[in-house]
Each structure stands twice: as C-alpha cells, then as structure tokens.
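Chain by chain, the residues:
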Amino acid sequence: MKSNQYQLTSLGLLCLICVTTLAACRQDMHDQPKYEPYEVSSFFDDKRTARNPVEGTIARGNLRADDHLYTGKVNGELATTFPFEVTREVLERGQERFGIYCAPCHSSIGDGNGMIAQRGGSSMKQPATYHSQQMRDMPVGHFFDVMTNGFGSMYSYSERISVRDRWAIAAYIRVLQMSQNASIEDVPAAQRQRLIMGEQ
Ligand code: HEC
C-alpha cells in the first residue's frame, strides 16, 4: 500500500515535469524574435518595420500581362480582334449577359430604346444605337473599353462583369449589328431557300 502511494506520487511528479517543459516550449514559440505590426525597427533608417513592396511587385493571381485581353488595346490602339476564339458558347454567354446588363437600357436588339430609356424621361440620355455606320465601324475593343471604363454618362461595368464576359458581350454586339444589317448573301447558300420559303 505504501509503495503504491509512492509510485503514484512519482508518476504525478513526472507528469508535472512533462507539462511544464511542454508549456515552456510553447512559450518559446510565442516569444520567437519577430516584429509586431507597426513596431519600431532599429534596422531601417525610417524606423518602419512594414516595408513597401518592391516596385513592380504583383500580387499572386493579379498579373495582367495580356494588354489585349485586359485593356481591349493592342499597342495602345483599340483592338480590332478578339483575345480568344469566339465560339458559339461564347456568343450564347454574351447573349445571356447582354440581356442582364445591357438590354434594360440598350434594348434587346441594341437600338438604344430599352425599358429604362423609354421610361427614363427627358432627364436620361438616350443610349446610342449600335446600328449606325459609325458603331459598325468601331473596333471591337471600343465595346470592351466602354464596358470597362464607362462612357459619358454610362458607368463602368468592370466591377460586375468579368473580363471574359465583357468580351463575350462585345462579340454578341457584333451579332446584333449583323442581325440588323445582313443581306441574303450572308446566309449560307444551303440555307437560303429555306429562309425564303419560310420553312423550319
Ligand atoms: C443604365 C442604362 C445603361 C446600361 C445598363 C448600359 N448602358 Fe451603355 N449607354 C448608356 C447611355 C445613356 C449611353 C450614352 C452615354 C453618353 O453618350 O454619354 C451609353 C452608351 C453606350 C455605348 C456607346 C458608346 C459610343 O461610342 O457612343 C456602348 C457601346 C454601350 N453603351 C455599351 C453598353 C454595354 C455593352 C452595356 C452592358 C454591359 C451597357 N452599355 C449598359 C446607358 C446604359
């Protein structure tokens, strides 16, 4: 009985030693040499520990090296081409996004007579139609630029529409322009007869 008690006490002592050593270890980690936010530095002349990033530093994931894609410009000029292939999928995405973000003012055919324009009264500037010769001749980068930076009284959509979606909308504006300005020659020969006959 006595030796049992002794054993228990020594076990308890061992545990205590373990716990204090481990805790001390943890304390060391807390106190490792490091600067706290805004702590004074004795190393730098301006005494600030928080340094400015080296000039030209770019946050991970924020490299925007592709001017064409991100600015709609090539060598400082509005781009006349798309930065990626325009597939049917891209056009469908553009159509959907246009319907959400642009049609309320520009109308679903882009003549500038959307619901908001109709109801906005004289205080609202009527958006320009996409179907003037001037707009047809605009490089496609112009549409990307208008969405990115805004234009006159129209505000920028860069916060709401992603870069790729802005291009998809620009591509869809070309679709709209063609829809109002196409001749029978634009229809593939095989489809023309069907169109004239009004067949499905
Ligand atoms: C709240 C109404 C409104 C919405 C929504 C809107 N626009 Fe506009 N947009 C305007 C108005 C108004 C103008 C004319 C601005 C001016 O001339 O000051 C305009 C002008 C334009 C122009 C003509 C620029 C030029 O060269 O004359 C383009 C292109 C255009 N918008 C594209 C878009 C696209 C693409 C969207 C959707 C992402 C969009 N807009 C959404 C109101 C709107």
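All figures in this text were calculated on a predicted structure; none of them were measured in a lab.

Enquirer: What is the right way to read the packing of aromatic side chains from this model?
Expert: Pairs of aromatic rings are described using the distance from one ring centre to the other and the angle between the two planes. Across all of its chains, the model carries eight aromatic pairs by this definition. Joined through ring pairs, the aromatic side chains of Phe98, Tyr130, Phe143 and Tyr172 make up one cluster. The lysine or arginine in question, Arg51, covers the ring of Phe44, its NZ or CZ lying 3.8 Å from the ring centre. The ring of Phe84 has Arg164 lying over it, and the distance from NZ or CZ to the ring centre is 3.9 Å.

Enquirer: Which parts of the structure should I look at to understand the environment of Ile169?
Expert: Its place among the elements puts Ile169 in helix α8 (residues 163-179). Here the alpha-carbon distance between Ile169 and Arg93, two residues 76 residues apart in the chain, equals 7.7 Å. Look past the residues within four positions of Ile169 in its chain and what remains in contact with it is Gly94, Arg97, Phe98, Cys102, Met147 and Ile161.

Enquirer: Help me out: how do you make sense of the layout of surface pockets in this one?
Expert: In this approach, a probe sized like a water molecule rolls over the atoms, and the result shows the empty space that is left. Its volume calculated, the largest pocket comes out at about 760 Å³. Residue lining of the largest pocket: 29 residues in total, with His106, Pro127, Val146, Phe151 and Met154 positioned closest to the centre. Counting only elements with at least two residues in the lining of the largest pocket, the list comes to α4 (103-106), α6 (133-137), α7 (140-149) and α8. Taken together, the residues of the lining of the largest pocket sort by class into 21 nonpolar, seven polar and one charged.

Enquirer: I would appreciate a short explanation of the site of the ligand in the present structure.
Expert: In the region of the ligand, 21 residues are neighbours, and Cys102, Cys105, His106, His142 and Met154 sit closest. Note that a nitrogen atom of the ligand is positioned 2.7 Å from one of the side-chain N or O atoms of His106. Here an oxygen atom of the ligand sits 2.6 Å away from a polar atom, N or O, in the side chain of His142. Its atoms largely coinciding with the cavity grid, the ligand occupies the largest pocket. Every element with two or more residues in the shell around the ligand is listed here: α4, α7 and α8. In terms of residue count, the dominant contributor to the shell around the ligand is α7 (four residues). Looking at the shell around the ligand residue by residue, the classes come out as 16 nonpolar, four polar and one charged.

Enquirer: Could you clarify how one ought to interpret the pattern of salt bridges in this entry?
Expert: Opposite charge on two side chains allows them to pair when their charged atoms are near. Taken as a whole and assessed by the stated rule, the structure comprises six salt bridges. Measuring nitrogen to oxygen at the nearest pair gives 2.6 Å for the salt bridge that ties Arg93 to Asp165. Remark: Asp165 occurs in helix α8 and Arg93 occurs in helix α3 (residues 88-101); sequence separation between them is 72 residues.

Enquirer: Is there a simple way to explain the coordination of the iron atom of the ligand in this structure?
Expert: Octahedral metal centres with six donors ideally show angles of 90 or 180 degrees, and tetrahedral centres with four donors ideally show 109.5 degrees. In the first shell of the iron atom of the ligand, the protein supplies His106 (NE2) and Met154 (SD), at 2.0 to 2.1 Å from the metal. Angles of 85 to 177° at the metal separate the six donor atoms of the iron atom of the ligand, which places the site in the octahedral class. Here His106, found in helix α4, pairs with Met154, found in the loop between α7 and α8; they are 48 residues apart in sequence, far enough to count as distant. Looking at His106, the relative accessible area reads 12%, which means it is buried.

Enquirer: In this structure, what is going on with α7? I would like to understand it.
Expert: Because an α-helix completes one turn every 3.6 residues, residues spaced three or four positions apart along the sequence face the same direction. The element α7 is extensively covered by neighbouring structure, given that nine of its ten residues are classed as buried. Those residues of α7 hidden inside the fold are in contact with α2 (67-71), β2 (77-78), α6 and α8. Gly150 occupies a position one or two residues after α7 and carries a positive phi of about 80°.

The rules behind these values
The residue numbers shown here count from 1 along each chain, following its written sequence. Given that this is a predicted model, residues contribute local features only at a pLDDT of at least 70 and side-chain atom pairs are listed and counted only at 80 or more, while totals for whole chains, interfaces and linings are drawn from all residues. Side-chain measures were taken over the full set of non-hydrogen atoms in the model, leaving aside hydrogen atoms and water. Aromatic pairs are defined between Phe, Tyr and Trp rings, using the six-membered ring for Trp, whenever the two ring centres lie within 6.5 Å; interplanar angles under 30 degrees are classed as stacked, those over 60 as edge-to-face, and all others as tilted. Distance and angle both matter: a charge sits over a ring if NZ of Lys or CZ of Arg is within 6 Å of the ring centre and within 35 degrees of the ring normal. Elements are defined by DSSP. Helices are runs of H or I of four residues or more, strands are runs of E of two residues or more, and each kind is numbered from the N terminus. For this analysis, residues touch if any pair of their heavy atoms sits within 4.5 Å. With a 1 Å grid spanning the protein atoms alone, the term cavity applies to any set of points in which a 1.4 Å probe fits but cannot get out, the term pocket to an open set with protein on both sides within 12 Å along at least five of seven lines, and the term lining residue to any residue with an atom within 4 Å of a point. Grid points are joined across faces, edges and corners, and a volume is the space filled by probe spheres set on the points. Three residue categories are used. Nonpolar comprises Ala, Val, Leu, Ile, Met, Phe, Trp, Tyr, Cys and Pro, charged comprises Asp, Glu, Lys and Arg, and polar comprises the others, including Gly. Whether a residue is near a molecule or strand depends on its heavy atoms: it is near if one of them lies within 4 Å of it. Contacts described as polar in this section are N or O atom pairs within 3.5 Å, which, within protein, must combine one atom able to donate a hydrogen with one able to accept it, while residues neighboring in sequence count only if both atoms come from side chains. Assignment of a molecule to a cavity or pocket requires that more than half of its atoms lie within 2 Å of the corresponding grid points. For salt bridges, the criterion is a side-chain nitrogen of Lys or Arg within 4 Å of an Asp or Glu carboxyl oxygen. Listed donor atoms are N, O and S within 2.8 Å of the metal (Na, K and Ca: 3.2 Å). As water is not included, a site may look incomplete. In this scheme the shape depends on donor count and angles: four donors with every angle between 85 and 135 degrees give tetrahedral, four or six donors with opposite pairs above 155 degrees and others between 65 and 115 give square planar or octahedral in turn, and any other case is irregular. The cut-offs for exposure are 20% and 50% of the maximum accessible area for each residue type, with area from a 1.4 Å probe on protein chains only; residues under the lower value are buried, those over the upper are exposed, and the others partly exposed.

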